[in-house]
Structures are given as structure tokens and as C-alpha cells.
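Architecture and fold: a report
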Amino acid sequence: MQRIIKNGQIIDETWHLLPKDASLDGISNCDDIIVPLALWVEHSRALKARDGGLGVWLEAGEEIEEIAAELDNFQVIALNFPRFTAGRHSSTACLLRQRYGYKGEVRAIGDVLRDQLFALKRCGFDAFALRADMNAEDALLAFSEFTHVYQASSDQPLPLFRRRA
Amino acid sequence: MYVYDQYDQQIVEDRVKQFADQTRRFLSGELSGEDFRPLRLQNGLYIQRYAPMLRVAVPYGLLSSNQVRMLAKIARDYDKGYAHISTRQNVQFNWPELEDVPAILGELATVQMHAIQTSGNCIRNTTTDQFAGVAADELIDPRPWCEIIRQWSTFHPEFTHLPRKFKIAINGSISDRAAIEVHDIGLEAVHNAAGELGFRVSVGGGLGRTPIVGSFINEFLPWQHLLSYLEAILRVYNRYGRRDNKYKARIKILVKALTPEVFAERVNAEWAHIKDGPTTLDNTEVQRVAQYFVDPAYLPLVDQQAALSALDAEHPGFARWRQRNTFAHKKPGYVAVTLSLKPTGTAPGDVTDKQLDAIADLAERYSFGEVRNSHNQNIILADIEQAQLFTLWGELRELGFATPNVGLLTDLICCPGGDFCSLANAKSIPVAEAIQRRFDNLDYLFDIGELELNISGCMNACGHHHVGHIGILGVDKKGQEFYQVSLGGSSGRDASLAKILGPSFAEEDMADVIEKIINVYIEQRSPEESFLDTFRRIGIDPFKERVYAANH
């Protein structure tokens, strides 16, 4: 079973991430699933009617505005990084937390490496499905790399200039 | 200059530890070369032709004597005894060992320096006028604003992996010595009718493969909203900038594709959400930063016009140097002095460890212990008493810094080129030297007058060839190095991009080609007309005809 980092802890993954071309066929009623955006757009009514947990995942080019009015339906929003340098979803996470007030899980998936974690957490990600070859225990060290930060962001409402002693 | 408090210092020290660990993981094989690459680039570390190159940040070009001595020490202990001033006012070391970089960063941190975001797809060093704070034509001192932006942009979590690099420049003067219109964001200080300070904001300028002069999208941004507006621009760029093709990934491509008007609308829509939030600047913060940039303890002096003129008459060499290498100061009795790093036979912008130590001493004895790097790759002592100018000139001559060529043809801007850089298509330093040798005669050089000649070894345009009055670009043709010449560029307030003259030339022909271009100018100019003005009046054809005329 894959393990993920959630709120700074390593936990067993219980959600199923459905592939991009997934269809409704064969989806069980009670599993916790994270569906691709297209499946949600097409079958939102059927997905809402299930008993299991529901999440949605966005490809790097997909925009959060598409589901901004429907965020209450999702316990998890997963954002894909095709390459860890593809930083578009850093903005998406900021919007989810700061503009839309989303309180559920925001998960980084794809090419997620230790050296991104500190910044991603600041943007509002609270869960990380690391790339398969990454050591999760080592990766936890990333969260304490910096003692201080200059900017306000999802994790810190005030910029340093309003906090300097 | 700005002095770190416990927070700033801790952030830099944490960065040293972080990078030391990344380097350790790379060397042990835990981190692949591919995964390490973006990480080391964000710390200014390139793997070059012969060795790594480390680019050290010099925020807005300002250095204390202590910092200059540290750069000298690093050049001596970890490099081959010299450093290079870059066209972004930074300092580059061409020969450090990868294994030594964490130790170098540790040493830099002891003098409040670092290499944070000096490369990579992130917000780079914010640059400004090398005469900031002393220029007679200054409206506001841009340095506090540069420092405020430096702190805001340092490890900004949302913008750590942008589509491409991102460069911001600020101008606070009537003349634009910061080339703001060829930056991703250019900020120009302005006052509104009520006398309040704001910024005129240009976006989407840049050099590189697709040179574009920026478009002004906001005529008056009140200073309180500077950071939230920058954040809005960066967010629109981070979300909608192209990532599929690195040659189309700069913000200029997005601005052009959307049109500046539509881009401005997007920024305004984003800004409406975040304006007036906690990132809004207040007087307390601006004053906190500005206190580090107040005037040093200037003496109540008077201008030394008569005494200096007398010295001029007696020492023509001094007169020449004073004409070219000094710059008017806002305080009576003071003057700013440019140390030319462009003597013939030295790679433009190169400076040895001994010279750096000497510069640190000069700064302490003559100029309140501070120096500035310019984007023209020279070093400035900004606060010289006019009464000491003659003595200083003597010292500078002995040190090799008194070549009286600032702003003239041989004060050329030049990237490291194919001798060092693995991106380069062609060498640039030997071409620079050949041209400097051809124009070595000072009378001739002075007669030609103000001229910016910029050389890049490839289309990444580190040598800013697009905005040179004369630009030279190294190109590769079937494995051979050739040079394309362009004319009429300018990075000043009337920014313009140079036009390509025609087919490229072999290295050995370059000095002849430049001489022919200069001859056309000399023949065609009206009295007091600069090269750029003559070019703008007569156009490119007369130059083309001369340079490509069949040999008789």
C-alpha cells in the first residue's frame, strides 16, 4: 500500500486515484476515490450519489475556477505536477485556501519531491503523494528547513514585516 | 546600506544548510543530476564548460567593503584569483569546485551575502541605477524599494517554479540608467498631482531570443500596493504563462499573446481580490527599510570647479578621465567615480582578488565604505570628495582602473561567451579585445563619443546586444563561429531594439566591420550628434552599403 504524507505524518493511503481516462464503470459505491476533472464534469450527479468519499484531481493545465462553486462536494482536491518544476498549481493551492476558503485536503500528486515540500505546504498543500522513489521519512525533514518566512501565504496570514520583533 | 536583522540572517543561514544537504545528496547519488539541476540553478550554480560557475547575488549592485573583501577571499581560496561583474550587477566565479560551494555560501553568509535566486525560473535580483541615492536627477532613492522587493521575492512560495526567469528593475531618476523597459517588470517612480509617490509599471520587456520593449499597464500604482500588484502580475504569469516551450515561456510572450490591454485587465481582476490585504505596505515598514539608505555623513562642502579646471589644464590625462569616469553628485563638493573594468586586454568585467581588496580599501578611505556594481560591468565609488579626486585618480591609475573610457566604445558590455559558458555559440571576449585594440587611440575614441557596444555569445543575450547602439551576437554556422551585427538599440528612456545589419561576419573581420560603421557615422554626423542620433536620422542603409560594399 502506498504511503503519503498528511499533516506532517506518514500515513497509509486509503484513497484511490482514478486515471485520467476513468469511466463510471466498475467504480464501487463505498471506496474513497479521487476522480479526474473530466469524469466529475460529466457525471457529477452520479458521483455525488455514492456513499464513498469523493475527491477530484486536476491536471497541470486545468483551472480551479471550473469547480470553484462546487468545492463542498470534495473531501480531497489533488493537483498534479507532471514535473516538479511545473509550478502552476502552487497558485491553485493559494486560491483554494485564500480565495475559496477550502478546508478539505489539498494533495500534491505526480513528480512530488522532498525539495518542493516546504514551499508547497506554505501555499496550502497539506498532503503529499511523493514520487515512488522518494524516502518519506527523509522528506519530512523538509518541513523544518526554514525558521522564518518573508511572505504572507496560506500558512501565515501576515508578512514578516508585520511580525518583526 | 541594508543591514540584516536576526530574521534575514537566519533565512540565509537556513539556506546554506538546505543547499549543503542538497549538494550532499547529489554527490552521494541520492539526488539525480536531473532533479538537482533546478535546485542548484536557484542557487546560481551552473555546470559550465570547464567547471561550475557560481553567481553570487549583489542586491541592486550595492556592496560594503567587508563584502568586497569576502569576494576577494573567495576568488583567492576557491577560484583562480578573479571574479566577474555580471550585467545584472551580480558577481560570478568561474572556477569553484562543486564540493566547495556549500563552504563558499557559508562564508558569504557571514557578511550577509548569498546566491539565492541568481538563476533558475524564479524572481531574480532586482536591479536599479548604479547612481541610486547620489544622482542629481533622482526623484526618489529606489534602493529601499529594491530591498522591499528582495525580501518579498526571496523564497516566495507561490513563485518558486515560474515558467521562466523573471527580472524586475526600478528607476527613480529622470534618466533611466536601469533599463527598466527591457525587464519583465519595470517600475518607474512617479508623483501624482497630489504629490504622492507611486510607480508606473511596465511589463513584458526583455531581451533573449524575442527582444521586446515592455508595455506600460499602470500609469500610477500607489506605493502601498506595490507588493500586491506585483503578486497579481506574477500570479497571472504563473498560471497562464507557457510552459510547453522554454523559448516561449517568458512573460513577454504571454503579454504579447493576450495584448497588453487584456493582460492588464487580468492583472486588475486578480489584484481586486488581494488588494488591501496584509501585504499592503505601510509607512512603518518603508521607514524601517529606508533608514538604512539615508545619506552618509556628508561634509558641508562646496564645488571645486576652479581647482579641478586648473588640474585639468595641467594634466590632460586627468581631464580626460574626469570627463568620462566621473558623474555629477547631488551634494555640492562630491562626485561619483566609475572604476573602469574595461582596460584593453582584460575580459570586460573581470577583477582580481588583489584589485577587489584594493577597491575595499579605497571605498573605506574615500567613499564611506561602500561600492556599487553597474550593469555596464564597472564598479562605482559613489561619494568622493572633489578635493580628493586628483589623489584618487593617481591611485586608480596604479591599480588599472583609470582607463578613461566610461560610456565610450571600448567600455563595452560583454558576456563570458564560449570561453566559459556552455550555452554560448561563439566566443565573445576575443572579439571584444580585437575591437578595443582597434580603438585604442584615445583622441579617436573621444572623438567618436558616447557609444554603447554590447556583445553576446548567443541569443540568450546576456551581453544585451539588442539594446547596444552597436550590438554583436555570436552565431553558429555549421560548427563555425560567426558574428551578426545590429545597430540602433538603446536601453534608456527612449528604449529601442537594434536592427540587424545583414549577413554575419567571421571573427577576424569584426574590428574592420566596426571601424567601417564608425567611419560612416563620423562622415555623416552633424556637430555634437551622437552615434545613436545619427543612426536614427540616417537609417541603416548607409551603414549597410559601406560594410557590404565589394572590395575594390
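Residues numbered from 1 in each chain as written. Chains lettered and ligands numbered in written order. Predicted model: local features only at pLDDT ≥ 70, side-chain atom pairs only at ≥ 80, totals over all residues.

**Topic: the overall build of chain A**
- Tallying secondary structure elements over chain A gives four helices and eight strands in all.
- Beginning at the N terminus, the succession of helices and strands in chain A can be written as β-β-β-β-α-β-β-α-β-α-β-α.
- C-alpha extents for chain A along the principal axes are approximately 55 × 35 × 25 Å.
- Counting across all 165 residues of chain A, residues that qualify as buried make up 39%. (Helix = DSSP H or I, 4+ residues; strand = E, 2+ residues; numbered from the N terminus. Buried ≥ 20, exposed ≤ 12 C-beta atoms within 10 Å, placed from the backbone.)

**Looking at the interface of chain A and chain B**
- With 29 residues of chain A at the interface, the matching set in chain B holds 29 residues.
- Secondary structure elements with two or more residues in the side of chain A that touches chain B: helix 2 (88-99) and helix 3 (117-123) of chain A. (Contact = placed C-beta atoms within 7 Å.)

**Observations concerning the sheet that holds strand 9 (residues 197-203) of chain B**
Residues and elements named next belong to chain B.
- Spatially, the five strands line up as an open sheet ordered 6-7-8-9-10, and their pairing is mixed. Here the strands that pair on one side only, and so sit at the sheet edges, are strand 6 (127-128) and strand 10 (215-222).
- Here strand 6 pairs with strand 7 (residues 168-171) via two bridges, running parallel. Note that in strand 7 the partner of T128 across the bridge is I170. (Pairing = 2+ DSSP bridges.)

**Some thoughts on unusual backbone geometry**
Residue and element names in this part refer to chain B.
- Backbone geometry at Q112 places phi at a positive 60°, although glycine is not the residue there.
- Following the sequence through the fold, Q112 ends up in the loop between helix 4 (101-109) and strand 6.
- Although it is not a glycine, D276 adopts a positive phi angle of roughly 70°.
- For D276, the position within the fold is in the loop between helix 8 (260-274) and helix 9 (283-290).
- Given 12 C-beta atoms within 10 Å, D276 falls into the exposed group.

**A short note on the domain arrangement of chain B**
Residues and elements named next belong to chain B.
- Domain annotation for chain B reports domain 1 (6-109), domain 2 (134-290), domain 3 (305-399) and domain 4 (413-548).
- One C-alpha centre belongs to domain 2, the other to domain 3, and the line joining them spans 33 Å.
- Taken together, the residues of the side of domain 2 that touches domain 3 sort by class into four nonpolar, no polar and one charged. (Domains from an automatic or database assignment. Nonpolar A, V, L, I, M, F, W, Y, C, P; charged D, E, K, R; others polar.)

**Here we look at helix 2 of chain A**
- Between the first and last C-alpha of helix 2 of chain A there are 16 Å, a value that for 12 residues agrees with the 16 Å anticipated at 1.5 Å per step.
- A large share of helix 2 of chain A lies buried, amounting to nine of its 12 residues.
- Regarding helix 2 of chain A, the residues found buried are R88, H89, S90, S91, T92, A93, C94, L95 and L96 of chain A.
- Those residues of helix 2 of chain A that are buried lie in contact with strand 5 (54-58), strand 6 (76-81), strand 7 (105-110) and helix 3 of chain A together with helix 6 (226-240) of chain B. (Expected span 1.5 Å × (residues − 1).)

**Here's the deal with the sheet that holds strand 4 (residues 82-85) of chain B**
Residue and element names in this part refer to chain B.
- Read from one edge of the open sheet, five strands run 1-2-5-4-13, paired in antiparallel fashion. Of all the strands in the sheet, the pair left with one neighbour each is strand 1 (45-47) and strand 13 (350-352). When the angles between neighbouring strand axes are averaged without regard to direction, this sheet yields 30°.
- Relative to strand 5 (residues 91-93), strand 2 (residues 52-56) is paired through three bridges, and the arrangement is antiparallel. Pairing of R55 across the sheet is with Q92, part of strand 5.
- Sheet strands touched by helix 12 (residues 353-366): strand 4 and strand 13. Its angle to strand 13, the strand with the most contacts, is close to 80°. (Axes fitted to C-alpha atoms, helices over the stretch in contact; angles between N-to-C directions.)

**Notes on the nonpolar core**
- In this structure, V68, L71, I233, L356, I359, L381 and I517 of chain B are the most contacted members of the largest nonpolar core, which totals 162 residues.
- With residues near it in sequence (within four places) discarded, I233 of chain B still touches I185, V203 and V267 of chain B.
- Counting 40 residues, the second largest nonpolar core, distinct from the first, contains I34, V35, I77 and A93 of chain A. (Core = buried A, V, L, I, M, F, W, Y, C linked by C-beta atoms within 7 Å.)

**Looking at the environment of A38 of chain A**
Residues and elements named next belong to chain A.
- One can find A38 in helix 1 (residues 37-48).
- Residue A38 is classed as partly exposed on the basis of its 14 C-beta neighbours within 10 Å.
- Placed 91 residues apart in sequence, A38 and A129 show a C-alpha to C-alpha distance of 21 Å.

**Quick look at the pairing of strand 5 of chain A**
All names here are of chain A.
- Summarising burial for strand 5: four of the five residues are buried, a large majority.
- Bridging between strand 4 (residues 33-36) and strand 5 involves four bridges; their strand directions are parallel. Paired with I34 across the strands is G55, a residue of strand 5.
- Note on the crossover from strand 4 through helix 1 to strand 5: the handedness is right-handed.
- Here strand 5 pairs with strand 6 via four bridges, running parallel. Counted as the bridge partner of V56 is I77 from strand 6. (Right-handed = clockwise from strand over helix to strand, strands pointing away.)

**Examining helix 11 (residues 316-325) of chain B**
- Regarding helix 11 of chain B, the residues found buried are F318, W321, R322, R324 and N325 of chain B.
- Residues of helix 11 of chain B that are buried in the fold lie against helix 10 (305-314), strand 11 (326-328), strand 12 (334-339) and helix 13 (389-399) of chain B.

**Looking at the packing of helix 7 (residues 251-258) of chain B against helix 8 of chain B**
Residue and element names in this part refer to chain B.
- With their axes 5 Å apart at the nearest point, helix 7 and helix 8 run at an angle of 105° to one another. Considering their axes alone, helix 7 and helix 8 lie roughly perpendicular with respect to each other. Where helix 7 abuts helix 8, its residues L254, V255 and L258 lie against P260, V262 and F263.
- Within the contact of helix 7 with helix 8, the residues separate by chemical class into six nonpolar, no polar and no charged. (Parallel < 35°, antiparallel > 145°, perpendicular 65-115°, else oblique.)

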